[in-house]
Amino acid sequence: MQEFHRIKRLPPYVFEEVNRLKAGARARGADIIDLGMGNPDLPTPRHIEEKVIETIGKPRTNRYSASRGIPGLRRAQAAYYERRFGVKLNPDTQVVATLGSKEGFANMAQAITAPGDVVLCPNPSYPIHAFGFLMAGGTIRSVPAEPGPEFFAAAERAVRHSIPKPIAMILCYPANPTAAVADLEFYRDAVAFAKKHDIILLSDLAYSEIYFDGNPPPSVLQVPGAMDVTVEFTSLSKTYSMPGYRIGFAVGNERLIAALARVKSYLDYGAFTPVQVGAAAALNGPDDCIAEARQIYQERRDALVESFGRAGWDVPPPAASMFAWAPVPEAFRDLGSLEFTKLLLEKADVAVSPGIGFGEHGDGYVRIALVENEQRIRQAARNLRRFLASAPETMHNVIALKGAAS
């Protein structure tokens, strides 16, 4: 049978290969320390769970909900933006609740993309940023993931050499996977760039509250005039440890929000009403649970950087997000990130995400998620130290062979 058109446009999902290897190792009894998927392990704060449970017990909450999000939830998100960023939003026209920011990105791509449309996307980047537009029939042109001067130089080249002209540019800071952060000056330049070239800005701010050392990341919507060209996506998955609840938001330009809402109205009836009520309770509730989670992630970051460094692998400390973006150790650089990830899983019982899964420019790196406690992170470092110490003798032929072939 001929392969389907949209399936053919998607490259192999390298994370599936790593997941198969993890499953096989666990089936053989291995104790895998899984620092791969960014799946928060912290409990959902109790006051949120209690609100969900309370709402389930009420009549009619089992019925279809609202695709755009119930009014109270949209008001809560608008209040969050005003409180956190000083940005005023109309909850009726500038806020849509999504089934996580991933679904929001994918459906925004469906809403605005015509076949052949060009979108500027960071490389490396979270897969849905590119794949959402590829599935919608668009074409991707890569720009750097780091928010420095080269970003706009590359974006200008991409605009000049793209036919047709790009319709949108994706931003993601704090970045997944690189953990790079952007400041308001960068966002001012991004808004000016978008207006100069008449393109849409799509900003992924899923890690707005996971930041370290007292430096909260800004929103692009803080820039005057950004609302003219921008939609920003956020998520409760990391902020409140609610990944399975699948609640996120798109906020910003009314015309773009209306387009997203219309597409969603054909595809879903919204999240389960008790989940939406619980999400509103999260946004309206106390912030101490956010600060506690942030502190735990910072302590894990510090434990990772310190223990992996002593084991022989220098990991740059991320300023935000729940990830470290670590260069593959020099001795294994020629293997590429996927083969190194396989080795780490096989020889050290440690799972990470290969950088190649986030784009070809990520191949010299792996992403390490802060989703195990400090004790397990230090155990991973001990496993790693043994692996790195024995590799020159036990693996020199393998490394030389694969390095020569690459």
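Residues numbered from 1 in each chain as written. Predicted model: local features only at pLDDT ≥ 70, side-chain atom pairs only at ≥ 80, totals over all residues. Heavy atoms only, no water.

## So, the overall build of the protein chain
Quick note on the threshold: Helix and strand definitions here come from DSSP, where helices need a minimum of 4 consecutive H or I residues and strands a minimum of 2 consecutive E residues; each element is numbered from the N-terminal end. For the radius of gyration, the atoms used are the C-alpha atoms, and the globule rule reads 2.2 Å times the number of residues raised to 0.38. Note on contacts: a residue pair qualifies if any of its non-hydrogen atoms lie within 4.5 Å across the two residues. Note on areas: Shrake-Rupley, 1.4 Å probe, and residue coverage restricted to the protein chains presented here. His is not counted here, nor are the chain ends, while Lys and Arg score as positive and Asp and Glu score as negative. By convention, the charge on Lys lies at NZ, on Arg at CZ, on Asp at CG and on Glu at CD.
Helices and strands together make up the secondary structure of the protein chain, namely 15 helices and twelve strands. Since a compact globule built from 406 residues should have a radius of gyration of about 22 Å, the 22 Å found for the protein chain is in line with a globular shape. In terms of its C-alpha atoms, the protein chain occupies a principal-axis envelope of roughly 65 × 55 × 50 Å. Taking as baseline every contact in the protein chain between residues at least 6 positions apart, the subset at least 24 positions apart corresponds to 75%. Only carbon and sulfur atoms are counted for the fraction: they give 54% of the accessible area of the protein chain, which is about 17800 Å². Taking the 45 positively charged and 44 negatively charged side chains of the protein chain as two groups, their mean positions are separated by 5 Å.

## Structural notes on the layout of surface pockets
Quick reminder of the rule: The method works on a 1 Å grid over the protein atoms by themselves. A cavity is a set of points holding a 1.4 Å probe that cannot get out, a pocket is an open set with protein on both sides within 12 Å along at least five of seven lines, and residues with an atom within 4 Å of a point line them. Grid points are joined across faces, edges and corners, and a volume is the space filled by probe spheres set on the points. All amino acids are sorted into three groups, where Ala, Val, Leu, Ile, Met, Phe, Trp, Tyr, Cys and Pro are nonpolar, Asp, Glu, Lys and Arg are charged, and the leftover types, Gly among them, are polar.
As a volume, the largest pocket reaches approximately 820 Å³. As for the largest pocket, its lining consists of 38 residues, and the residues nearest its centre are Y13, M37, G38, K102 and Y126. For the lining of the largest pocket, the secondary-structure elements that each account for two or more residues are helix 2 (14–27), helix 5 (100–112), helix 6 (127–135) and helix 9 (236–239). Among the elements that line the lining of the largest pocket, the one with the most residues is helix 2, at five residues. Along the lines of polarity and charge, the residues of the lining of the largest pocket split into 19 nonpolar, eleven polar and eight charged.

## Brief notes about empty space enclosed by the protein
Across all of its chains, the model carries three cavities of 30 Å³ or more by this definition. One number sums up the size of the largest cavity: a volume of about 70 Å³. Considering the residues around the largest cavity, the lining is formed by Q77, Y80, S208, E209, T234, S235, L236, T239, Y240, F249 and L283. When contributions to the lining of the largest cavity are tallied by element, the ones reaching two or more residues are helix 4 (71–85), strand 7 (230–235) and helix 9. Partitioned by chemical class, the residues of the lining of the largest cavity number five nonpolar, five polar and one charged.

## What about the pairing of strand 9 (residues 323–327)?
How we decide: Remark: exposure states derive from per-residue accessible area (1.4 Å probe, protein chains only) relative to the maximum for the residue type, with buried under 20%, exposed over 50%, and partly exposed in between. Here, any two strands with at least 2 DSSP bridges between them count as paired.
The buried count for strand 9 comes to four of five residues, which makes it a mostly enclosed element. Two strands pair when backbone bridges link them, and strand 9 and strand 12 (residues 365–369) are joined in this way by five bridges, in the antiparallel orientation. Each residue of the ladder has a partner; that of A324, found in strand 12, is I368.

## Side note on the environment of M322
With respect to the helices and strands, M322 occurs in the loop between helix 12 (288–311) and strand 9. Separated by 131 residues in the primary sequence, M322 and V191 place their C-alpha atoms 27 Å from one another. Not counting the four nearest positions on each side in its chain, M322 is found in contact with G38, P40, Y207, I210, K238, Y297, I368, A369, L370 and V371.

## Brief notes about the pairing of strand 4 (residues 139–144)
Selection criterion: Place the viewer so that the strands point away; then a crossover is right-handed whenever the path from the first strand over the helix to the second strand goes clockwise.
Of the pairings in the sheet, the one linking strand 3 (residues 118–123) to strand 4 comprises six bridges and is parallel in character. Paired with V118 across the bridge in strand 4 is T139. On the question of chirality, the crossover connecting strand 3 to the parallel strand 4 by way of helix 6 is right-handed.

## Concerning the sheet that holds strand 9
Strand order across the open sheet formed by three strands is 9-12-11, with antiparallel pairing between neighbours. In this open sheet, the two edge strands, each paired with only one partner strand, are strand 9 and strand 11 (353–354). In this structure, strand 11 lies alongside strand 12, joined through two bridges in antiparallel fashion. When the bridges of strand 12 are listed, P354 appears paired with V366.

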